[in-house]
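Analysis of the macromolecular model
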Amino acid sequence: MNILFISLGCDKNLVDTEVMLGMLASRGYQMVEEETQADVIVINTCCFVHDAKEESIQNILEMAEYKKEGRLKALIVTGCLAQRYRQEILDEIPEVDAVLGTTAYDKILDAIDEALKGHHTLTLADTDLLPEVETKRLVTTGGHFAYLKIAEGCDKHCTYCIIPKIRGNFRSVPMEQLLSEAEYLAEQGVKELILVAQETTLYGKDLYGEKSLHKLLRELCKISGIRWIRILYCYPEEIYDELIQTIKEEPKICHYLDLPIQHANDEILKRMGRRTTKQELIDIISKLRREIPDIALRTTLITGFPGETKEQHEELMEFVDEMEFDRLGVFTYSPEEDTAAARMEGQIEEEVKEERQAELMELQQEIAFDTAENMVGKEVLVMIEGKVADENAYVGRTYRDAPNVDGLIFVNTEEELMSGDFAKVKVSGAVDYDCSVSGLICFSGFGDHVHFAHGAVPVCLYGIFVITLL
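Right, let's walk through the structure included here. All figures in this text were calculated on a predicted structure; none of them were measured in a lab. (Residues numbered from 1 in each chain as written. Predicted model: local features only at pLDDT ≥ 70, side-chain atom pairs only at ≥ 80, totals over all residues. Heavy atoms only, no water.)

**Some points on the overall build of the protein chain**
Counting its regular elements, the protein chain contains 14 helices and 19 strands. For the protein chain, whose C-alpha radius of gyration is 22 Å, the value lies close to the compact-globule estimate of 23 Å for 470 residues. Once the C-alpha set of the protein chain is aligned to its principal axes, its extents read approximately 65 × 60 × 45 Å. Within the protein chain, the fraction of its 470 residues that count as buried is 58%. Restricting the contact set of the protein chain to residue pairs at least 6 apart, pairs at least 24 apart contribute 75%. As displayed, the protein chain offers around 19,700 Å² of accessible surface, 48% of which is attributable to carbon and sulfur atoms. For the protein chain, the separation between the mean place of its 48 positive charges and that of its 86 negative charges on side chains is 5 Å. (Helix = DSSP H or I, 4+ residues; strand = E, 2+ residues; numbered from the N terminus. Rg over C-alpha atoms; globule rule 2.2 N^0.38 Å. Buried < 20%, exposed > 50% of the residue type's maximum accessible area, 1.4 Å probe, protein only. Contact = heavy atoms within 4.5 Å. Areas by Shrake-Rupley, 256 points an atom, 1.4 Å probe, with all protein chains shown as cover. Lys, Arg positive; Asp, Glu negative; His and termini not counted. Charge placed at Lys NZ, Arg CZ, Asp CG, Glu CD.)

The following block contains the structure:
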């Protein structure tokens, strides 16, 4: 039987998708890429912000049309939107046969079986549980990198965020389970592990009584075949000395951290429910750069939060200018129902939010291009992502670039490379850019080339940089 899987939202959601795909593959389902070929369609949804919610709903409605036509035998909805609006989905979209909550994805096979029998089901589980699945996940990222979800849920309860209500409280995945999964991924040809969670920095505190991310990292570094380990979603207030030392000492750990700070004005940070002040942010950023001089820091900001004044926005602009983040993304505030921020006075008009977002991104473009120019003449190691069609050029990433959120680089060489290969290259120049090609760096002067097991056929990723701003 043919199945089409649509995965929306974040990389953490993608890991759940890959687990379900592994279960489906073990049952003998054939994966297809076209809706017209599918007997069963599963949509793993997101509802973090308004746009993500709209995208999820639109996908469900579009796939429901195939059910009306009679070709599609079952339509299943899973993930965050399913958890949050479970009954509404079943009541308002009768073509949906089953809805699975965020901690019920291990029941995907049962849900499909029931749907094929003509039964409509709603399957939920305690949001503070961690589903246990024995089958191996099916990696969908090309084979040379994979996400490792080390924890689920969140205890922070920021005033703009719905995640704790739909994903539950913070709970770490046991270390032995993560190490087993990482070893399996390495055996499949994965060379870069990207650690993700709603918050990675608190890993292990609930299980082992203390923050244990540094211990997990040291064990992961022992796994043969893994070349890079990257850490995302580190809340700045939770970064601790042992973690910094581990990043410094272990050569496999990329000198790269993602620090979602959201704002820099103390009043806005307090209204957001964040647990840092502007000065504390300055202190931790300064410490990271002092201890690890070549570290690349990425952050995300929210502009247009309720009550944000022009002066507070300008303060944020000044902070970004002074901190010179290597990578930065800006979201306009999205009022989500059932959150404290949505009920606050002083909601900002969309036009103002977008103007402030544009100003921040324009400033960051200048910073990013200066950073790129500073790399000219330096030798760096690049992981190859794919080939540019009809050209002797490849796209790749340095340790400074996480997939799908940061920039890509071009490597000019006559040698034949494969996705997942590593190449040592010399930066020959930085290319001027606008928003569509921000952060683009050209490389030439091919150096030492280290071959690894090829886990995927080369694919053309030309154009990915178009949607990767900074």
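After that view of the structure, there is still more to cover.
**Some points on the packing of aromatic side chains**
Evaluated as defined, the whole model comprises five aromatic pairs. Geometrically, the ring pair formed by Y160 and F305 is edge-to-face, given 6.4 Å between the ring centres and 85 degrees between the ring planes. Here F305 lies in the loop between β13 (296–303) and α13 (310–323) and Y160 lies in the loop between β8 (151–152) and α6 (163–167), a separation of 145 residues in the sequence. Each member of the pair, Y160 together with F305, is buried. (Phe/Tyr/Trp six-rings, centres within 6.5 Å; stacked < 30°, edge-to-face > 60°.)

**Describing the packing of helix α1 (residues 11–27) against helix α5 (residues 108–116)**
Helix-helix packing is described using two parameters, namely the angle between the two axes and the distance between the axes. In contact at an axis separation of 9 Å, α1 and α5 are set at 60 degrees when each is read in the N-to-C sense. Relative to α5, the element α1 lies oblique. For the pair α1 and α5, the contacting residues are M20, M23, L24 and R27 in the first and I108, L109, I112 and D113 in the second. (Axes fitted to C-alpha atoms, helices over the stretch in contact; angles between N-to-C directions. Parallel < 35°, antiparallel > 145°, perpendicular 65-115°, else oblique.)

**Quick notes on the sheet that holds strand β12 (residues 253–258)**
Spatially, β7-β10-β11-β12-β13-β14 is the arrangement adopted by the six strands of the open sheet, whose pairing is parallel. Every interior strand has two partners, whereas the edge strands, β7 (145–149) and β14 (327–332), have only one. Here the average twist between neighbouring strands, direction ignored, is 20 degrees. The pairing of strand β11 (residues 228–231) with β12 spans two bridges and is parallel. Bridging from a neighbouring strand, I229 pairs with I253 of β12. In the packing of helix α7 (residues 175–187) onto the sheet, the strands contacted are β7 and β10 (192–196), and the crossing angle to β7 comes to about 170 degrees. (Pairing = 2+ DSSP bridges.)

**Some words on the pattern of salt bridges**
Counted according to the given criterion, the structure contains 37 salt bridges. We note a salt bridge from R167 to E152, for which the minimum N-O separation is 3.1 Å. With a gap of 15 residues between them, R167 in helix α6 and E152 in strand β8 connect regions that are remote in the sequence. The same class applies to R167 as to E152, namely buried. Its salt-bridge partner being E238, residue K211 comes within 2.8 Å of it at the nearest N-O pair. Taken as a pair, K211 in the loop between α8 (205–208) and α9 (213–220) and E238 in the loop between β11 and α10 (241–249) lie far apart in primary sequence, 27 residues in all. Of the two residues examined, K211 and E238, each falls in the buried class. Each member of the salt-bridge network shares a partner with another, and the members are K156, E199, K211, E237 and E238. (Salt bridge = Lys/Arg side-chain N within 4 Å of Asp/Glu carboxyl O.)

**A word on the packing of helix α12 (residues 278–291) against α13**
Where α12 meets α13, the axes come as close as 12 Å, and the angle between the chain directions of the two elements is 10 degrees. If you check the angle between α12 and α13, you find them roughly parallel. For the crossing formed where α12 meets α13, the hand is right-handed. Touching K278, L281, I282, I285 and R289 of α12 are E315, F319 and M323, all from α13. (Left-handed = near helix turned anticlockwise from the far one by under 90°.)

**Some thoughts on the pairing of strand β16 (residues 393–397)**
Counting buried positions along β16 gives five out of five residues, so the element sits mostly inside the fold. Bridging between strand β15 (residues 379–387) and β16 involves four bridges; their strand directions are antiparallel. Bridging from a neighbouring strand, K387 pairs with Y394 of β16. The loop that links β15 with its antiparallel partner β16 comprises five residues; one of these, D390, has a positive phi angle of about 65 degrees. Where β16 and strand β17 (residues 409–412) come together, four bridges link them in antiparallel fashion. Residue Y394 lies in a different strand from β17, and its bridge partner there is V411.

**Let's talk about the sheet that holds strand β1 (residues 2–7)**
Two pairing modes exist for strands in a sheet, parallel and antiparallel, and in both the strands are linked by backbone hydrogen bonds. Spatial strand order, β2-β1-β3-β4-β5-β6: six strands in an open sheet with parallel pairing. Strands at the two margins of the open sheet, each flanked by one partner only, are β2 (30–31) and β6 (121–123). One ladder, built from three bridges, connects strand β5 (residues 98–100) with β6; its direction is parallel. When the bridges of β6 are listed, V99 appears paired with L122. Along the sheet, α1 contacts β1, β2, β3 (40–45) and β4 (74–79); its crossing angle with β1, the most-contacted strand, is approximately 170 degrees.

**A look at the environment of M31**
Mapped onto the secondary structure, M31 falls in strand β2. With a relative accessible area of 34%, M31 lands in the partly exposed category. On a C-alpha basis, the gap between M31 and R356 in space is 43 Å, while along the polypeptide they are 325 residues apart. With sequence-adjacent residues up to four places away left out, M31 is seen in contact with I3, L21, L24 and A25.

**Examining α12**
Helix length check: α12, at 14 residues, gives a terminal C-alpha distance of 20 Å against a target of 20 Å (1.5 Å per residue), a fit within 8%. Along α12, the residues that are buried comprise L281, I282, I284, I285 and L288. The inward-facing, buried residues of α12 contact α10, β12, α11 (266–272), β13 and α13. (Expected span 1.5 Å × (residues − 1).)

**Concerning the side chain of E152**
The buried category is assigned to E152, whose relative accessible area is 7%. Looking at E152, its side chain comes within polar contact range of the side chain of K149, at 3.0 Å. (Polar contact = N/O pair within 3.5 Å; in protein donor to acceptor, adjacent residues only side chain to side chain.)

So far we have only geometry, and geometry alone does not tell us how the molecule works.
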